[in-house]
Amino acid sequence: MALTETLVVVFVVSLVAAFAVVAKNRLFPVKEDEEPREDVAEYIAMMVSVLYALVLGLCLVSVWDTRSAAQDTVQAEASALHQTYLLADAFPAAQKQAMRNAATAYAAHVVHVEWPLMVDREPLGSSGWNLLAQLRDTSTIRGSTSTTGQQITSQEVTAQLSNVDDARRSRESASQDSLSPVLWTGLIIGGVLTLAFMFLFGIERTTTHVVMVMGLSGFIAFTVLLIHQLDAPFGDLFGASPTPFTRYFPV
């Protein structure tokens, strides 16, 4: 969902809440002899608001940590792949070129094939793993003519490819992560209850009541939509980007 669409949804929710307040005050005005319930309503509304604030905070922290971890994982994977690309200098010319071609092909696959799949939360398949296996195969030293320096570099390449492997697994897992349905249920129910209690107060000035409900409902809608956007670790608006790969590789 784009930023413009998000703002439209917030505005629409605020207008619906405002019309609801006007309709309530027109159809069910507060009677003079009605028993006051302000103290009870204020206490319950306060408790609901506090609990809802805790749920909002928990959801925000959860989705933000997931998004940050996803970006760190992408950076670690791209960095390890780039180190492998640089370490290819120590190998013979033919093997060096094969390693660099394999590393570039893997980066291009991640950016152009896997990234759209991660945005849509679809499985990545085995193609990426096959390309990583090819890179590992091209970095293997064969024969007994290798120098000591090449053998040491081969061990370092193996370590970097292990880092790529681990980061890739974490990236695949993060692309499928989402906020718990229980928390989403709490967000929706809590928001409805918080707004519903705004109707228990007999505020005589309709304009004041409308402004209060519009402000609260709009802010709740904005926060929930923000959580929805951050809940997509590789989404278009706030998700992690493939910039670390495109920075290191011309793909």
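This text follows the structure it describes.
First, a word on what this report is: a plain description of the structure on this page.

Conventions adopted
Residues numbered from 1 in each chain as written. Predicted model: local features only at pLDDT ≥ 70, side-chain atom pairs only at ≥ 80, totals over all residues. Heavy atoms only, no water. Helix = DSSP H or I, 4+ residues; strand = E, 2+ residues; numbered from the N terminus. Phe/Tyr/Trp six-rings, centres within 6.5 Å; stacked < 30°, edge-to-face > 60°. Buried < 20%, exposed > 50% of the residue type's maximum accessible area, 1.4 Å probe, protein only. Expected span 1.5 Å × (residues − 1). Bend = angle between axes of the 7 residues up to and from the residue. Polar contact = N/O pair within 3.5 Å; in protein donor to acceptor, adjacent residues only side chain to side chain. Contact = heavy atoms within 4.5 Å. Axes fitted to C-alpha atoms, helices over the stretch in contact; angles between N-to-C directions. Parallel < 35°, antiparallel > 145°, perpendicular 65-115°, else oblique. Left-handed = near helix turned anticlockwise from the far one by under 90°. Nonpolar A, V, L, I, M, F, W, Y, C, P; charged D, E, K, R; others polar. Salt bridge = Lys/Arg side-chain N within 4 Å of Asp/Glu carboxyl O. Core = buried A, V, L, I, M, F, W, Y, C linked by side-chain atoms within 4.5 Å.

1. Structural notes on unusual backbone geometry
Okay, so step 1: Phi at Arg121 is positive, roughly 60°, even though this residue is not glycine.
Okay, so step 2: The residue Arg121 is located in the loop between helix H3 (93–119) and helix H4 (127–138) in this model.

2. A few points about the packing of aromatic side chains
Okay, so step 1: Scanning the entire structure with this criterion turns up two aromatic pairs.
Okay, so step 2: For the pair Tyr85 and Phe249, a centre-to-centre distance of 5.6 Å together with 90° between the ring planes defines the contact as edge-to-face. Pair noted here: Tyr85 is in helix H2 (residues 38–87) and Phe249 is in the segment after helix H8 (243–248), with a separation of 164 residues, a long-range link.
Okay, so step 3: Here Tyr85 falls in the partly exposed class, since its relative accessible area comes to 23%.

3. What about H3?
Okay, so step 1: The first and last C-alpha atoms of H3 sit 38 Å apart over 27 residues, in line with the 39 Å expected at 1.5 Å per residue.
Okay, so step 2: The sharpest bend along H3 comes to roughly 35°, located at Val113, with the proline Pro116 sitting one to four residues further on.
Okay, so step 3: Immediately downstream of H3, the backbone of Arg121 shows phi near 60°, a positive value.

4. Considering the side chain of Thr138
Okay, so step 1: Along the polypeptide, Thr138 turns up in helix H4.
Okay, so step 2: Within the local environment of Thr138, its side chain forms a polar contact with the backbone oxygen of Leu135, the two atoms lying 2.8 Å apart.
Okay, so step 3: Contact partners of Thr138, with chain neighbours within four places excluded, come to Gln95, Ala98, Met99 and Ala102.

5. Points about the packing of H3 against H4
Okay, so step 1: Viewed as axis vectors pointing N to C, H3 and H4 meet at an angle of 165°, and their least axial separation amounts to 9 Å. One way to sum up the angle between H3 and H4 is to call them roughly antiparallel. Relative to H4, the crossing made by H3 is left-handed. Taking contact as the criterion, the partners of Gln95, Ala98, Met99, Ala102, Ala103, Ala105, Tyr106, His109 and Glu114 in H3 are, on H4, Ser127, Gly128, Leu131, Leu132, Leu135 and Thr138.

6. Topic: the packing of helix H6 (residues 181–196) against helix H7 (residues 206–230)
Okay, so step 1: Following both chains from N to C, one finds H6 and H7 inclined at 175°, their axes separated by 10 Å at the closest point. In terms of their interaxial angle, H6 and H7 are classed as roughly antiparallel. The segment H6 lies against H7, with Trp184, Leu187, Gly191, Thr194 and Leu195 engaging Val213, Leu216, Ser217, Ile220, Val224, Ile227 and His228.
Okay, so step 2: When its residues are assigned to classes, the contact of H6 with H7 shows eight nonpolar, four polar and no charged.

7. What to know about the pattern of salt bridges
Okay, so step 1: Summed over the entire model, instances satisfying the criterion amount to eight salt bridges.
Okay, so step 2: In this structure, Arg169 and Asp165 form a salt bridge, with 2.8 Å as the shortest nitrogen-oxygen distance. Of the two residues, Arg169 and Asp165 are both situated in helix H5 (residues 148–176); the distance of four residues between them amounts to about one turn of the helix.
Okay, so step 3: It is possible to trace a salt-bridge network through shared partners that takes in Glu77, Glu114, Arg168, Arg171 and Glu172.

8. Focus on the nonpolar core
Okay, so step 1: Leu81, Tyr106, Leu135, Phe234 and Phe245 are the most contacted members of the largest nonpolar core, which has 28 residues in total.
Okay, so step 2: Those elements that place two or more of their residues in this core are H2, H3, H4 and H5.
Okay, so step 3: The leading source of residues in this core is H3, at nine residues.
Okay, so step 4: Ranked by size, the runner-up nonpolar core spans eleven residues in total, among them Leu187, Leu195, Ile227 and Leu230.

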